[in-house]
Amino acid sequence: MKQDQLHVKAPGNWMNDPNGFIYYRGEYHLFYQYFPYGLQWGTMHWGHATSPDLATWTHHPIALFPSKGYDQNGCFSGTALEVQGQLFLFYTAVKYDVLNEENVHVIVNDQFESSQALMISEDGYTFDNITSKQQIIPPIVDSVLGDRTHTRDPKVWKYRNRYYMILGTKTRDQQGKLLFFSSEDLLQWTFLNSYTKSGLGYMWECPDIFSLLDRSSGAQQTVLLMSPEGIQSEPLYTSHAMCSLVSFKEESCDIVIPDQLNMVDYGGDLYAPQTNLDAEGRRVMVAWMRMPLPVDNSGEKPWIGMMALPRVIEVEDEQIYFRVHPEVETHFKTRIPVEQINYAKPFQLKVVLRELQVLDIGGYRVWLEDGRVHTDRAEVFRDLDQYDLQFQTPELHGNCELNIFVEPNLIEIFVNQGQYVLSNVVYDLKAYVSYEGEIECNIG
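Quick caveat, the model's predicted, so the values are computed rather than measured.

Peer 1: Can you tell me about the pattern of salt bridges, naming the residues and giving the values?
Peer 2: Across all of its chains, the model carries 21 salt bridges by this definition. The salt bridge involving glutamate 407 is made with lysine 9; its shortest N-O contact spans 2.7 Å. In this pair, glutamate 407 sits in strand E31 (residues 401-407) while lysine 9 sits in the loop between strand E1 (3-5) and strand E2 (13-24), placing the two residues 398 residues apart along the sequence. Neither glutamate 407 nor lysine 9 differs from the other in exposure class; each is buried.

So, in structure tokens, the structure goes:
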């Protein structure tokens, strides 16, 4: 079976959102949106990969595929929960209203309905798509409550003696909205609450909500991640992964979202993050890196879509930090001179960046200006000038320590131990690193 190091990549063909990320029976399971028949988005299946340590991943056969009337046109994103030793997979089931006679994998004018469904696996490897699925929340027909077409991405958790579900949807006047449901048995679900707010996009995808202790004050904080569509006016990527501390009462699911959200990653390519607890109880995030072009390496099937490195989420002084997972740091244990880098494999760079110094990684430029980390990928993005090519973090107000992870198609920059992260998809990196200051290089 295909194996990946550090980054989960499509095993040929198309990958997008992470699904069902969970530590289950002593290993990590990561499912993902997968179209096995081509290098473009199509009828969604759930691909499946596992890892003992979040660093080495093994791909397995497809887990979920369309098999019911309600999911005949796709098994969209969702999450996983362990219940009495079984693995419960919650997902959005899609059924097209109109069939495209020339290509059954394409939606016609956004005409489809969405419902929420459940698949139960006994062991995390056996998936009976015929007898182990059931629809648990039918399509929404009340447009005051939510949208029949665009209600999706269930995240399920347990609080005290009940289970809760958060879904993303939108209002009739095109504002993002959250829906909350509750259940005693994970089969019968009751609508509990909803929340909407203008000015934050027209559809809230992939909502994820959880509590963390502030490492500075010890106070309990609630973190919301979601990916609003239409949150920015960029020409292509108008949807971005955003985060915020929110006011939240778990039992009633009363929530208040502030007016301003923050980017999860300031590179703009990261999308649809999903979190769960690792073996040590840390809150860990995985996310999809959007890629405009496929990668066609000799000896491999062409593929498009990969996951970012797993990141530990922490709160400190009421700021959300995204730190590289310790298992990733452990992987890069051998220090070498920059001249000995094998550019075909992942490597790590550590630098302290000074104002107007330029770190050039094979044509990808990083520098500090006006207290902000800037990047420019124009030389390593194959004339894709319709996409954003330059990026920057918010102002740092102090030191600029960079922990950078480089592989042939992705560069991830952790600033000041996760104060900000800036990740960019790249193509055609050249085989050199240029920097006037001191630099540390590590490999696995």
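Peer 1: Tell me about the packing of aromatic side chains, and name the residues and values.
Peer 2: Taken as a whole, this structure holds 25 aromatic pairs when the rule is applied. With a centroid separation of 5.5 Å and an interplanar angle of 90°, the aromatic rings of phenylalanine 35 and tyrosine 37 are classed as edge-to-face. Note on phenylalanine 35: relative accessible area 2%, which makes it buried. For tyrosine 37, a relative accessible area of 57% puts it in the exposed group. Geometrically, the ring pair formed by tryptophan 41 and phenylalanine 76 is edge-to-face, given 5.9 Å between the ring centres and 80° between the ring planes. Of this pair, tryptophan 41 sits in the loop between strand E3 (27-35) and strand E4 (45-51) while phenylalanine 76 sits in strand E6 (residues 75-83); the two residues are 35 residues apart in sequence, bridging distant segments of the chain. Residue class for tryptophan 41 comes out partly exposed when judged on its relative accessible area of 32%. Under the relative-accessibility criterion, phenylalanine 76 is labelled buried at 9%. One aromatic cluster is present, built from ring pairs that chain together Phe31, Trp46, Tyr91 and Phe127. Lying over the aromatic face of phenylalanine 65, lysine 133 brings its terminal NZ or CZ to 5.9 Å of the ring centre. Its end group placed over the ring of phenylalanine 381, arginine 377 keeps NZ or CZ at 3.7 Å from the ring centre.

Peer 1: How would you summarise the pairing of strand E20 (residues 283-289) if you had to cite specific residues and measurements?
Peer 2: With respect to burial, E20 is a largely interior element, seven of its seven residues being buried. Of the two faces of E20, both are covered, the one formed by Arg283, Met285, Ala287 and Met289 as well as the one formed by Val284, Val286 and Trp288. Strand direction decides the pairing type here: strand E19 (residues 270-277) and E20, joined by six bridges, are antiparallel. Across the sheet, residue leucine 277 finds its bridge partner in E20, namely arginine 283. Taking the residues between adjacent antiparallel strands as the criterion, E19 and E20 are bridged by five residues, where glycine 281 takes a positive phi near 85°. As judged from the two bridges shared by E20 and strand E23 (residues 311-316), these two strands associate in the antiparallel manner. Its bridge partner being in E23, methionine 285 is matched across the sheet by arginine 311. Summarising the sheet, E20 and strand E22 (residues 306-307) pair through two bridges and their orientation is antiparallel. What sits directly across from methionine 289, in E22, is methionine 306.

Peer 1: Outline the state of the cysteines, listing residues and values.
Peer 2: This structure, assessed with the given rule, holds zero disulfides. Unpaired in terms of disulfides, cysteine 75 finds its nearest cysteine sulfur in cysteine 206, a separation of 15 Å. Summary of cysteine pairing: cysteine 253 is not part of a disulfide, and the nearest cysteine sulfur, belonging to cysteine 206, is at 18 Å. The exposure class assigned to cysteine 253 is buried, which follows from its relative accessible area of 1%.

Peer 1: Please give an account of the nonpolar core that cites residues and values.
Peer 2: Within the largest apolar cluster, 63 residues are counted, with the highest numbers of intra-cluster contacts made by Leu225 and Phe322. The biggest single contributor to this core is E20, with six residues. Counting contributing residues, this core receives three or more from each of domain 1 (3-327) and domain 2 (332-443). Sequence-distant contacts of leucine 225, defined by excluding residues within four places in its chain, comprise Cys206, Pro207, Asp208, Phe210, Met242, Cys243, Val264, Pro273, Thr275, Met285, Ile313 and Phe322. Listed in part, the 50 residues of the second largest apolar core include Leu349, Val380, Leu422 and Cys441.

Peer 1: Summarise the pairing of strand E27 (residues 358-361); cite the residues concerned and give the values.
Peer 2: Look at any regular strand and the pattern is simple: side chains alternate between the two faces of the sheet. As paired strands, E27 and strand E28 (residues 364-369) are joined by four bridges and run antiparallel to one another. Paired with isoleucine 361 across the strands is tyrosine 364, a residue of E28. Both E27 and strand E34 (residues 433-434) contribute to a ladder of two bridges, which runs antiparallel. The residue bridging aspartate 360 from the neighbouring strand is serine 434, located in E34.

Peer 1: Quick one: what's the story with the domain arrangement of the chain, residue by residue and with numbers?
Peer 2: Many structure descriptions define interface size as the accessible area lost when the parts assemble. Along its sequence, the chain is carved into domain 1 (3-327) and domain 2 (332-443). Computed from C-alpha atoms alone, the centre-to-centre distance between domain 1 and domain 2 is 28 Å. At the junction of the two partners, domain 1 supplies 31 residues and domain 2 supplies 31 residues. Where domain 1 touches domain 2, the interface holds 14 residue pairs in polar contact (both at pLDDT 80 or more). Secondary structure elements with two or more residues in the side of domain 1 that touches domain 2: E22 and strand E24 (319-324).

Rules and cut-offs
Residues numbered from 1 in each chain as written. Predicted model: local features only at pLDDT ≥ 70, side-chain atom pairs only at ≥ 80, totals over all residues. Heavy atoms only, no water. Salt bridge = Lys/Arg side-chain N within 4 Å of Asp/Glu carboxyl O. Helix = DSSP H or I, 4+ residues; strand = E, 2+ residues; numbered from the N terminus. Buried < 20%, exposed > 50% of the residue type's maximum accessible area, 1.4 Å probe, protein only. Phe/Tyr/Trp six-rings, centres within 6.5 Å; stacked < 30°, edge-to-face > 60°. Lys NZ or Arg CZ within 6 Å of the ring centre and 35° of its normal. Pairing = 2+ DSSP bridges. Disulfide = S-S within 2.5 Å. Core = buried A, V, L, I, M, F, W, Y, C linked by side-chain atoms within 4.5 Å. Domains from an automatic or database assignment. Contact = heavy atoms within 4.5 Å. Polar contact = N/O pair within 3.5 Å; in protein donor to acceptor, adjacent residues only side chain to side chain.

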